[in-house]
Amino acid sequence: MCGIVGYIGREEAAPILLYGLERLEYRGYDSAGIAVYDKGKLNVAKAVGKLKNLCELTDNGAKVSGCIGIGHTRWATHGQPSTDNSHPHLSGSGKIAIVHNGIVENYMKIREMLLSEGFTFKSETDTEVAVQLIEYYYKGNLLEAVSKAVDKIEGSYAFGVISSDHPDELIAVRKESPLIVAYGETGNFIASDITAVLKYTRNVAYLEDGDIAVVKKDGVKFYNSYLKEIQREKAYIDWDVEDAQREGYQHFMLKEIYEQPKVVKNTLSAHIKDGRIDLSDTLLTPEYCREIKRISIIGCGSAYHVGVVGKYLLEKYTRIPTEAVLASEFRYTDPIIDNHTLVIVISQSGETADTRAALREAKSLGARTLAIVNVVGSSIAKEADSVIYTLAGPEIAVATTKAYSAQLAVMYLITTALSSTRGLISAAEYDEVLAEMLRIPGKIETVLSDREQLQHLASMYFNNSSIFFIGRNLDYAISLEGSLKLKEISYIHSEAYAGGELKHGTISLIEPETLVVAVATCEKLFDKIISNVKEVKAREANVLCITQNKSFNAASAVTDNVFTIPNTHEMLTPSLAAIPLQLFAYYVALDRGCDIDKPRNLAKSVTVE
Ligand code: F6R
């Protein structure tokens, strides 16, 4: 995700900012920039691509003199990676500069208001809207203007703000996006991530949601959203740099698993406006939605597994014939595609060679193409007719978790929107599904809070040489993902089967003590999957069942261990069922001493066929 660093003190700011940005590089970014105040003016330098471009541009900071400044590494969300879109952004007068992490959800509305007041914009970003809004409220007191502006802003943010009218202060404010103040010997800092400042100090204070900090070179004051002064305690950080990058988590995979409530919320809220799903900025206009005759969903690995979820959901709720196809197979199957086919390609990286080739093939056959992609400006995002971005931020662990969850969220949005446009879902059910979708992030938190149970289960089974996953319908799609997660990071042999398929061959592999993970969240198929559980129990397998709270008693009666997820709408169970399987895989791999973030033989982005 984006990174923020700011400094005010006696030293030259630019080299400190560039050093801080370098420490933030691990988070992933596509452009970087700094703004430094000197002699009555804010000087901004920005460069697309690697940080070394910004270092070259500024001669390692020597060309941008001054002792107060802010810096940023940007991971594009609104608008392509470009110098105009990268941060810091200046207000129209050039007197206020801002850096921003997070998303201003109501930026279009604010932009329209500001346009009507005569403001103009140079970038496509939500951040420029925020700095112009501060300027709109600015009447000589920067703190007041920032406070009024954030009061109008919906979404998540960490802002760092400086102004040429106030060269003695740096303002920091946050809501749902991390930001710290750090106390150094030559001055003070702000940062989105402790790593950016660990070289200079280990004394920090954490901003809480709604806090505004006014940072000066010799002190810091904290205010609440009513501008009443408050106290924030100092903390001493004894982590090393690598620990700090993982924000205290032992692995990036675990950190990313824990980021899922936030990324699912961000991805959903980007497309829900005034109680309705709004995909009008994609090719899914109501007219087009009514024309679609067939859907193909294409991806590799976990992205393909989201496609399998999509197949079940779209066929049930839209009655459009839908297939999920492995990208590597698609080209060689002589696909039946025409201009009434919607092809949805799913890719976290947006660079997967097979998915990209399949996209081109689909386009050449006349299909309309929609990409679900995480990396803004990636090849697949550029080549598809239309894109829906998952707002998962950079994923560092090789095994995907948060991008997968964000892709599921997009699948729910597409399914519900298409179902509604085609008149297949009642207004009441639409409202019910949407309301429950918005509760999913909270329910994921509930599942995450049970991690100790999964840790315990992992400690019971980590020595197994083979683990099977079974499920039916959506639970089969989740089994595929659970099995892939486990095998790729723990190196245990694992396979996923549709429950009914077991007795057509695989059941011969079930021996006493073999672990079978039964995903049993589809209420309508619960009895069916329990029949399969009985088949493996009869061969003395151990069974771990993942089911909804309401089925706990029934599941406990026939299985060895039960992990429950909160009850939810039948469409949305994948988002909750996936979480325990990710955590189970994580703890099994941990117990086996595997290199969890970088499993052997695997790469994060597979750019060769
Ligand atoms: C599994 C995993 C891979 C990817 C696959 C597609 O944890 O990460 O299976 O899902 O390589 O990658 P993207 O989504 O970048 O196209």
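Residues numbered from 1 in each chain as written. Predicted model: local features only at pLDDT ≥ 70, side-chain atom pairs only at ≥ 80, totals over all residues. Heavy atoms only, no water.

## Focus: the sheet that holds strand β2 (residues 31–38)
Then comes step 1: The 8 strands lie next to each other as β3-β2-β4-β1-β10-β9-β11-β15, forming an open sheet whose pairing is antiparallel. Taken across any chain shown, the strands that pair with only one partner, and hence form the sheet edges, are β3 (41–48) and β15 (235–236).
Then comes step 2: As defined by bridge partners, β2 adjoins β3 across 8 bridges and the pair is classed as antiparallel. Bridge assignment links G33 to a residue of β3, and that residue is K46. (Pairing = 2+ DSSP bridges. Helix = DSSP H or I, 4+ residues; strand = E, 2+ residues; numbered from the N terminus.)

## Quick look at the sheet that holds strand β8 (residues 170–175)
Then comes step 1: If you trace the 7 strands from one edge of the open sheet to the other, you get β5-β6-β7-β8-β12-β13-β14, paired in antiparallel fashion. If you trace the sheet from one side to the other, it starts and ends with β5 (89–90) and β14 (229–230), each paired once.
Then comes step 2: Two elements, β5 and strand β6 (residues 96–104), share 2 bridges in a ladder whose sense is antiparallel. Considered in β6, the bridge of H89 is made with I98.
Then comes step 3: This element, helix α4 (residues 126–137), spans β5, β6 and β7 (155–163) of the sheet and lies at about 130° to β6.
Then comes step 4: Across the face of the sheet, helix α5 (residues 142–152) comes into contact with β6, β7, β8, β12 (212–216) and β13 (219–223) while running at roughly 160° to β7. (Contact = heavy atoms within 4.5 Å. Axes fitted to C-alpha atoms, helices over the stretch in contact; angles between N-to-C directions.)

## Focus: the state of the cysteines
Then comes step 1: All told, the structure shown has 0 disulfides when counted by the stated rule.
Then comes step 2: C55 provides the cysteine sulfur closest to C2, a residue in no disulfide bond, and the two sulfurs are 18 Å apart.
Then comes step 3: On the accessibility criterion, C2 (8% relative accessible area) is buried. (Disulfide = S-S within 2.5 Å. Buried < 20%, exposed > 50% of the residue type's maximum accessible area, 1.4 Å probe, protein only.)

## Structural notes on the site of the ligand
Then comes step 1: The full set close to the ligand counts 14 residues, and S347, Q348, S349, T352 and E488 are the nearest of them.
Then comes step 2: S347 places a polar side-chain atom, nitrogen or oxygen, 2.6 Å from an oxygen atom of the ligand.
Then comes step 3: Taking S349, its side chain carries an N or O atom lying 2.6 Å from an oxygen atom of the ligand.
Then comes step 4: Within the complex, 89% of the 410 Å² of free accessible area of the ligand lies under protein.
Then comes step 5: Broken down by secondary-structure element, the contributors of at least two residues to the shell around the ligand are α10 (301–318) and α17 (474–490).
Then comes step 6: Here the residues of the shell around the ligand are counted per class, giving 5 nonpolar, 7 polar and 2 charged. (Near = heavy atom within 4 Å. Polar contact = N/O pair within 3.5 Å; in protein donor to acceptor, adjacent residues only side chain to side chain. Areas by Shrake-Rupley, 256 points an atom, 1.4 Å probe, with all protein chains shown as cover. Nonpolar A, V, L, I, M, F, W, Y, C, P; charged D, E, K, R; others polar.)

## Thoughts on the packing of α17 against helix α20 (residues 573–591)
Then comes step 1: α20 packs onto α17 with a crossing angle of 20° between their chain directions and a minimal axis gap of 9 Å. It follows that α17 is roughly parallel to α20 by the angle criterion. When you trace α17 past α20, the crossing you get is right-handed. Note on element contacts: α20 touches α17 through T573, P574, A577, A578, L581, Q582, F584, A585, Y586, V588 and A589, opposite L474, I478, G482, K485, L486, I489 and S490.
Then comes step 2: Considered class by class, the residues forming the contact of α17 with α20 number 13 nonpolar, 4 polar and 1 charged. (Parallel < 35°, antiparallel > 145°, perpendicular 65-115°, else oblique. Left-handed = near helix turned anticlockwise from the far one by under 90°.)

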